[in-house]
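# Analysis of the macromolecular model
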Amino acid sequence: MESQIIRPGHLTAHQTASVLGISLDGVRKAVQRGQLVRSGGTERQPWYLAEDVAALAAKRRARSVA
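This text gives an overview of the structure that appears in the document. (Residues numbered from 1 in each chain as written. Predicted model: local features only at pLDDT ≥ 70, side-chain atom pairs only at ≥ 80, totals over all residues. Heavy atoms only, no water.)

### A few points about the overall build of the chain
A tally of regular secondary structure across the chain gives three helices and three strands. Listed N to C, the secondary structure of the chain is β-α-α-β-β-α in terms of helices and strands. Rg of the C-alpha trace for the chain: 11 Å, near the compact-globule value of 11 Å for 66 residues, within the 12% margin. Structurally, the chain occupies a C-alpha span of about 40 × 20 × 20 Å along its principal axes. In the chain, the share of contacts with a sequence separation of at least 24, taken over all contacts with a separation of at least 6, comes to 51%. Distance between charge centroids for the chain: 7 Å, based on 10 positive and 5 negative side chains. (Helix = DSSP H or I, 4+ residues; strand = E, 2+ residues; numbered from the N terminus. Rg over C-alpha atoms; globule rule 2.2 N^0.38 Å. Contact = heavy atoms within 4.5 Å. Lys, Arg positive; Asp, Glu negative; His and termini not counted. Charge placed at Lys NZ, Arg CZ, Asp CG, Glu CD.)

Here's what the structure looks like:
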């Protein structure tokens, strides 16, 4: 279940997974690897900065093209 109230400029874990084209487990692994940093929410429902998610998505796209 996703949080109903989220600060502008942030994405939920589900939204982040969708943007990156990965699973929720993949989002957790990206956090563990230091590729993504939580910016709010709770332990069970973290938020991520939309800018950070977009940057990671661009980096992943550039790596897959090269």
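Here the narrative resumes.
### Remarks on the sheet that holds strand β3 (residues 46-49)
What the three strands build is an open sheet, ordered β1-β3-β2; its pairing is antiparallel. Each edge of the open sheet is held by one strand with a lone partner, namely β1 (10-12) and β2 (38-41). Averaged over neighbouring strand pairs, the angle between their axes works out to 40° when direction is ignored. Sheet strands touched by helix α1 (residues 13-20): β1 and β3. Its angle to β1, the strand with the most contacts, is close to 95°. (Pairing = 2+ DSSP bridges. Axes fitted to C-alpha atoms, helices over the stretch in contact; angles between N-to-C directions.)

### Focus: the nonpolar core
The biggest cluster of nonpolar side chains holds 11 residues, and these are Leu11, Ala13, Ala17, Leu20, Val27, Ala30, Leu36, Tyr48, Val53, Leu56 and Ala57. Secondary structure elements with two or more residues in this core: α1, α2 (24-32) and α3 (50-65). (Core = buried A, V, L, I, M, F, W, Y, C linked by side-chain atoms within 4.5 Å. Buried < 20%, exposed > 50% of the residue type's maximum accessible area, 1.4 Å probe, protein only.)

### Considering the environment of alanine 54
Relative to the assigned elements, alanine 54 resides in helix α3. Taking the relative accessible area as the measure of exposure, alanine 54 reaches 42% and is therefore partly exposed. Between the C-alpha atoms of alanine 54 and glycine 26, which are 28 residues apart in sequence, the distance is 16 Å.

### A word on the pairing of β2
The sheet contact formed by β2 and β3 spans three bridges and is antiparallel. Across the sheet, glycine 40 pairs through a bridge with tryptophan 47, a residue of β3. As consecutive antiparallel partners, β2 and β3 are separated by four residues.

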